[in-house]
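Now for the letters of each chain:
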Amino acid sequence: MSEFHVNSRNARCLEPKRFREGMARTWTDEDRSFMERALLVAERGRGRVSPNPLVGCVLVKDGAVIAEGWHDHLGGLHAEQMAIHDAESKGHSPNGAIAYVTLEPCNHFGRTPPCTEALMWAGVKEVIIAHEDPNPTVRGEGKRVLEEAGIAASMGLMETLAAEQMKPFLHWCEHRKPIITVKLAVDVNGSVDDRSKDAARFTSAGCLEKVHELRQDCDAILVGVETVIRDNPLLTVRQGQPIRQPLRIVIDPNARCPADSLLLTDGGDTMLVQSSFAGLPSLLNRLGDQNIQRVLVEGGPTTIHRFLEDGLVDEFYLVQSQQEHTDPVPSNITADLLAKSGLKSTERLVWGDEHVERFTRTSH
């Protein structure tokens, strides 16, 4: 789910106060406008490109955008390559254009050829970059190679906004483990379930749509075995047009997960963490080794409390319903607990009929 918004007026104060070494020139309002567009274009790949980051690129000639591109799906063209193809398909020559790209162009062969070569072959005269690529195979080499080829290259424009957009990727590059996002829905009294009836969703259809957007933007969804026993959930993305499904993870150290559970019989990918479970930090390291960059924890309260107590939660969505449970199951999630876990309230949202408070970790 995207909560990413670009405000060019605010973005100016977020840019680094001093220019990086080798920066060719200062930024103009026109530069900021074109990079803002590149950031918005990058959003078209959300939920489709992990473990690669979101990247956008626009090509500008004579002060006008002639083409745009984004990383659309894993194995597909990179943003720079798509933008060049877009220019040519529209009858525009990219020769002499300025490329605004949200991430430093790669300089190595992977699923696609190097973007630096594509930019050189296209005759681009200047490349303006929002954020350095921390990948060890890039890490400044893309900018250096462009400069050595005679192409002016600058870095740092709207860097903070680009970092927020690529947060799971950057976090994984630095820590080699995923960002942990928690989503928890409670009734008016903070209850997560009503034991007086069969398990059922108690939030609105509009809220469910937002939850599915959130799932689509995550690489894995994690629950404890009690949630599987009580709810028998699918934990899949069933709205929109998903091109991939997140990995389902069930923490089940005592091997209690029913063999006929939907998430074990529907043909999708599920990881049962049973005798191998050695604690949450170890599990997150294991997931990081599998290129999992963002995990959505959806319950139950016991599992969520363990993540909070271990200080492992990076983002928490607390969904407040107006329903009232007859036989409630308290969540015991309090503002004090979230604060002790290093989280603070940063945003208030509306998902359908529900109000949502978003808590985030400000530092690691």
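What counts and how
- Residues numbered from 1 in each chain as written.
- Predicted model: local features only at pLDDT ≥ 70, side-chain atom pairs only at ≥ 80, totals over all residues.
- Heavy atoms only, no water.
- Helix = DSSP H or I, 4+ residues; strand = E, 2+ residues; numbered from the N terminus.
- Buried < 20%, exposed > 50% of the residue type's maximum accessible area, 1.4 Å probe, protein only.
- Contact = heavy atoms within 4.5 Å.
- Areas by Shrake-Rupley, 256 points an atom, 1.4 Å probe, with all protein chains shown as cover.
- Pairing = 2+ DSSP bridges.
- Axes fitted to C-alpha atoms, helices over the stretch in contact; angles between N-to-C directions.
- Parallel < 35°, antiparallel > 145°, perpendicular 65-115°, else oblique.
- Left-handed = near helix turned anticlockwise from the far one by under 90°.
- Nonpolar A, V, L, I, M, F, W, Y, C, P; charged D, E, K, R; others polar.
- pLDDT = per-residue confidence, 0-100.
- Polar contact = N/O pair within 3.5 Å; in protein donor to acceptor, adjacent residues only side chain to side chain.
- Core = buried A, V, L, I, M, F, W, Y, C linked by side-chain atoms within 4.5 Å.

**Student:** Would you mind going over the overall build of the chain with me for this structure?
**Tutor:** Each helix and strand in the chain was counted, giving 13 helices and 15 strands. Looking at the 364 residues of the chain, the share that counts as buried comes to 52%. If you take every contact in the chain between residues at least 6 apart in sequence, the share linking residues at least 24 apart comes to 74%. Just so you have it, the chain exposes about 16,700 Å², and 46% of that area is on carbon and sulfur atoms.

**Student:** How do you make sense of the pairing of strand E8 (residues 220-224) when you look at a structure like this?
**Tutor:** With five of five residues buried, E8 is to be regarded as a mostly interior element. Burial of the side chains of E8 extends over both faces: Ala220, Leu222 and Gly224 are buried on one face and Ile221 and Val223 on the other. With five bridges connecting them, E8 and strand E9 (residues 247-251) associate as parallel partners. Bridge pairing links Ala220 to Leu247 in E9. Strand direction decides the pairing type here: E8 and strand E11 (residues 294-299), joined by four bridges, are parallel. Bridge pairing in E11 links Ile221 to Leu296.

**Student:** How should the packing of helix H4 (residues 115-122) against helix H5 (residues 141-148) be read in this particular structure?
**Tutor:** The angle between the axes and the distance between the axes are what describe a pair of packed helices. Contact pair H4 / H5: the axes reach a minimum separation of 10 Å and the direction vectors enclose 25 degrees. Classed by the angle they form, the pair H4 and H5 counts as roughly parallel. As for the relative orientation of H4 and H5, their crossing is right-handed in sense. For the pair H4 and H5, contact is made by Thr116, Leu119 and Met120 and by Gly142, Val145 and Leu146, respectively. Here the contact of H4 with H5 is composed, by residue class, of four nonpolar, two polar and no charged.

**Student:** Teacher, can you tell me more about the environment of Asn254 here?
**Tutor:** Relative to the assigned elements, Asn254 resides in the loop between E9 and helix H10 (262-265). Overall, Asn254 belongs to the exposed group, its relative accessible area being 62%.

**Student:** Sorry, what's going on with the confidence of the model for the chain here?
**Tutor:** As a note on interpretation, predicted positions should not be read in detail where pLDDT is low. Chain-level statistics for the chain give a pLDDT mean of 89 and a share of 90% at 70 or above. Note that residues 1-5 has pLDDT below 50 and, in this model, 20 contacts with residues that lie over four places away or in other chains. In this model residues 7-24 is a low-confidence stretch, pLDDT under 50, and it forms 26 contacts with partners more than four residues away in sequence or in other chains.

**Student:** Explain the side chain of Lys183 here, please?
**Tutor:** Along the chain, the position of Lys183 falls in strand E6 (residues 179-186). When its relative accessible area of 13% is taken as the criterion, Lys183 is described as buried. Separated by 3.3 Å, the side chains of Lys183 and Glu298 make a polar contact.

**Student:** Which parts of the structure should I look at to understand the environment of Ile98?
**Tutor:** Position of Ile98 relative to the elements: it lies in strand E3 (residues 98-103). A relative accessible area of 16% means that Ile98 is categorised as buried. Excluding its chain neighbours within four sequence positions, the residues that come into contact with Ile98 are Val58, Leu59, Val60, Lys125, Glu126 and Ile128.

**Student:** Teacher, can you tell me more about the pairing of strand E4 (residues 126-131) here?
**Tutor:** Side-chain direction in a regular strand flips from residue to residue, so the side chains alternate between the two faces of the sheet. The element E4 is extensively covered by neighbouring structure, given that six of its six residues are classed as buried. Pairing of E4 with strand E5 (residues 152-155) involves four bridges; the strand directions are parallel. Within E5, the residue paired with Val127 across the bridge is Ala153.

**Student:** What am I meant to see in the sheet that holds E3 here?
**Tutor:** Think of a sheet as strands paired side by side through backbone hydrogen bonds, with each pair either parallel or antiparallel. Reading across the sheet, the five strands line up as E2-E1-E3-E4-E5 and stay open at both edges, with mixed pairing between neighbours. Two strands lie at the open edges of the sheet, namely strand E2 (64-70) and E5, each paired on one side alone. In this sheet, adjacent strand axes meet at a mean angle of 15 degrees when their direction is disregarded. One ladder, built from five bridges, connects E3 with E4; its direction is parallel. Among the inter-strand pairings, Ala99 is bridged to a residue of E4, identified as Val127. Sitting on the sheet, helix H2 (residues 29-42) is in contact with strand E1 (56-61), E2, E3 and E4, with an inclination near 50 degrees to E3. Along the sheet, H5 makes contact with E4 and E5, crossing E5 at roughly 155 degrees.

**Student:** For this particular structure, what's the right way to read the nonpolar core?
**Tutor:** What tends to happen in soluble globular proteins is that the nonpolar side chains get buried as a cluster. Formed by 43 residues in total, the largest nonpolar core has its most connected members in Met35, Leu59, Tyr100 and Val127. Non-local contacts of Leu59, meaning those with residues more than four positions away in its chain, are made with Ala64, Val65, Ile66, Ala67, Ala83, Ile84, Ala87, Pro94, Ile98, Ala99 and Val124. In this structure, Leu287, Ile292, Leu337 and Leu343 belong to the second largest nonpolar core, which totals 32 residues.

**Student:** I'm lost on unusual backbone geometry in this one. Help?
**Tutor:** Trans peptide bonds make up the majority, and among non-glycine residues the majority have a negative phi. Cis rather than trans, the peptide bond between Ser50 and Pro51 has omega equal to 15 degrees. Along the polypeptide, Pro51 turns up in the loop between H2 and E1. The peptide bond linking Gly299 to Gly300 adopts the cis configuration, its omega dihedral lying at -5 degrees. Note that Gly300 resides in the loop between E11 and helix H12 (301-309). Its identity as a non-glycine residue notwithstanding, Met158 has a phi of 55 degrees, on the positive side. With phi around 65 degrees, Asn291 is a residue other than glycine that occupies positive phi space.

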